[in-house]
Amino acid sequence: MMPGGDSAPAIFLLFVLNVLTCLPLGHASLPLVINTWPFKDATEAAWKSLQSGGTVLDAVEKGCGQCEEAQCDGSVGYGGSPDERGETTLDAMIMNGDTMEVGAVADLRRIKNAIGVARAVMERTTHTLLVGESASLFAENMGFTAEDLTTNKSLNIFLEWLKGNCQPNYRKNVFPDPSKYCGPYKPRAPVTDKQTRGHANVHSHDTIGMIAMDQGGRVAAGTSTNGMTHKVPGRVGDSPIAGAGAYADSSVGGAAATGDGDVMMRFLPSYLAVEQMRAGADPSAACETAISRIKRHYADFFGAIICANTTGHYGAACNKIAGFSQFRFTVSNSETVTSRVLHVDCF
Ligand code: ASP
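Predicted model, so just to flag it, every value in this text is computed and none were measured. (Residues numbered from 1 in each chain as written. Predicted model: local features only at pLDDT ≥ 70, side-chain atom pairs only at ≥ 80, totals over all residues. Heavy atoms only, no water.)

Caption draft 1: Structural context of the nonpolar core. Membership of the largest hydrophobic core comes to 87 residues, with the highest contact counts inside it found for I34, V105, I305, F327 and F329. No other element matches the seven residues that helix α4 (residues 114-124) contributes to this core. Once you skip the residues sitting within four places of it in the chain, I34 turns out to touch G209, M210, I211, I306, A308, Y314, G315, F329, T330 and V331. The next biggest cluster of nonpolar side chains, apart from the first, holds five residues, and it includes F158, C166, V174 and Y185. (Core = buried A, V, L, I, M, F, W, Y, C linked by side-chain atoms within 4.5 Å. Buried < 20%, exposed > 50% of the residue type's maximum accessible area, 1.4 Å probe, protein only. Helix = DSSP H or I, 4+ residues; strand = E, 2+ residues; numbered from the N terminus. Contact = heavy atoms within 4.5 Å.)

Below you can see the structure in the form of structure tokens.
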């Protein structure tokens, strides 16, 4: 019983919570914010932006930006996933499903707010993707602050990796043997090494991928990530690639992916999922098709995807591998009151 009152409000609250936690996966309602992983604060930042009159692009920028500042799981924003040289570099994209405009940055250095720079690429250039040093220079010219993205944590991850003979890494067919030694590496003939050693797994990364939809079914999608730990400098994953990391089309819906970007970007899973929805598939089925397509070639890839259509229905799918049997994602819509973490069983 609540102090000084009767127990009815508390019981009512419990009832409401109970009803909410029983909402079936994919319960439809607009507006909608949905993102990969249990990054609730990001979902709420996006939701708040929509509620206070922001556009879907504002919502995606705010949501992914929150994750960048909070360094969600160490896998988004500064101070995470140091590359082979110990540096954190960022990839991000944002897509306007009304105009099909995209802004993206890859291998961005020294700038924390990658999703903000991606939006600046979309709104202040006629390009789609800027990379590396030039992207950082563009960001500085647009008023973003340049600062060191290294933290004690990322430095320690890097130093431990060096101490452990640079294991794991993403090299193959090189000399010295990358499964035992650090570089510098030189090419080794013949090119026979097909092993997937060092490939991404559940622990080496995450990414925020977000879809926001307003009452009128306008869709935006975006991503932000610091990629994969110990990546080869210059490596860019799926996240800043339209159709791979995310895709939005206000006549259909949106999708966003997370996982082993080196594999996933070969299949444009977000584009495929949106096209499946265009052809009539419900979001869960569309997500499953996108995962199945990759599975056919890479049965043990690590990856998941979220999908939503413009009626506010949503779904998710993931590839079941050792250590990854459930994928969690977060949703806010008018039914959830606050953001809710849901999960889907991988197949
Ligand atoms: N897809 C991202 C990448 O490969 C990482 C992730 O989603 O976990 O860069």
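Caption draft 2: A look at the sheet that holds strand β10 (residues 253-259). Spatially, four strands are ordered β9-β10-β11-β12 in an open sheet, and the strand pairing comes out antiparallel. At either margin of the open sheet sits one strand with a lone partner, and together these are β9 (246-249) and β12 (314-318). In this sheet, adjacent strand axes meet at a mean angle of 10 degrees when their direction is disregarded. Where β10 meets strand β11 (residues 303-309), seven bridges bridge the pair, whose relative direction is antiparallel. Considered in β11, the bridge of A257 is made with I305. Across the face of the sheet, helix α8 (residues 269-278) comes into contact with β9, β10 and β11 while running at roughly 150 degrees to β10. (Pairing = 2+ DSSP bridges. Axes fitted to C-alpha atoms, helices over the stretch in contact; angles between N-to-C directions.)

Caption draft 3: Highlighting helix α5 (residues 132-141). Every buried residue of α5 is accounted for by G132, A135, S136, F138 and A139. Projected down its long axis, α5 shows its buried positions confined to an angular sector of 160 degrees, all on one face. In α5, the exposed residues that point more than 90 degrees away from the buried face are S134, L137 and N141. Packed against the buried residues of α5 are β3 (101-108), α4 and β4 (129-131). Note on α5: the residue one or two positions beyond its end, G143, has a positive phi of about 100 degrees. (Arc of directions from axis to C-beta.)

Caption draft 4: Fine view of the state of the cysteines. Enumeration according to the criterion identifies four disulfides in this entry. Here C67 connects covalently by a disulfide to C72, the sulfurs 2.1 Å from one another. Every disulfide takes its handedness from the sign of the S-S torsion; for C67 and C72 that torsion is -100 degrees, giving left-handed. Like C72, C67 is buried. Here C166 engages in a disulfide with C182; their sulfurs sit 1.9 Å apart. Between C166 and C182, the S-S torsion sits near 95 degrees, and that sign places the bridge as right-handed. One end of the pair, C166, is in the loop between α6 (152-163) and β5 (174-175); the other, C182, is in the loop between β5 and β6 (186-187), with 16 residues separating them in the sequence. Residue classification places C166 among the buried residues on the basis of a relative accessible area of 3%. The connectivity of the disulfides in the protein is 1-2, 3-4, 5-6, 7-8, where the numbers refer to bonded cysteines in sequence order. Cysteine C64 remains unbridged, with the sulfur of C67 as its closest cysteine sulfur at 7.1 Å. (Disulfide = S-S within 2.5 Å.)

Caption draft 5: Focus on the pairing of β12. Burial analysis of β12 places five of its five residues in the buried class, which makes it a mostly covered element. Burial of the side chains of β12 extends over both faces: Y314, A316 and C318 are buried on one face and G315 and A317 on the other. In this structure, β11 lies alongside β12, joined through five bridges in antiparallel fashion. Paired with A304 across the bridge in β12 is C318.

Caption draft 6: Seen up close, unusual backbone geometry. The omega torsion across L30 and P31 is -5 degrees, close enough to zero to call that bond cis. Structurally, P31 is set in the loop between α1 (8-21) and β1 (32-36). That bond from Q167 to P168 is cis: its omega, -5 degrees, falls within 30 degrees of zero. Checked against the element boundaries, P168 lands in the loop between α6 and β5. We note that D107 has phi near 55 degrees; this positive angle belongs to a residue other than glycine. Although it is not a glycine, N173 sits at a positive phi angle of roughly 55 degrees. By secondary structure assignment, the location of N173 is in the loop between α6 and β5. Look at N173 and you get buried, because its relative accessible area is 9%.

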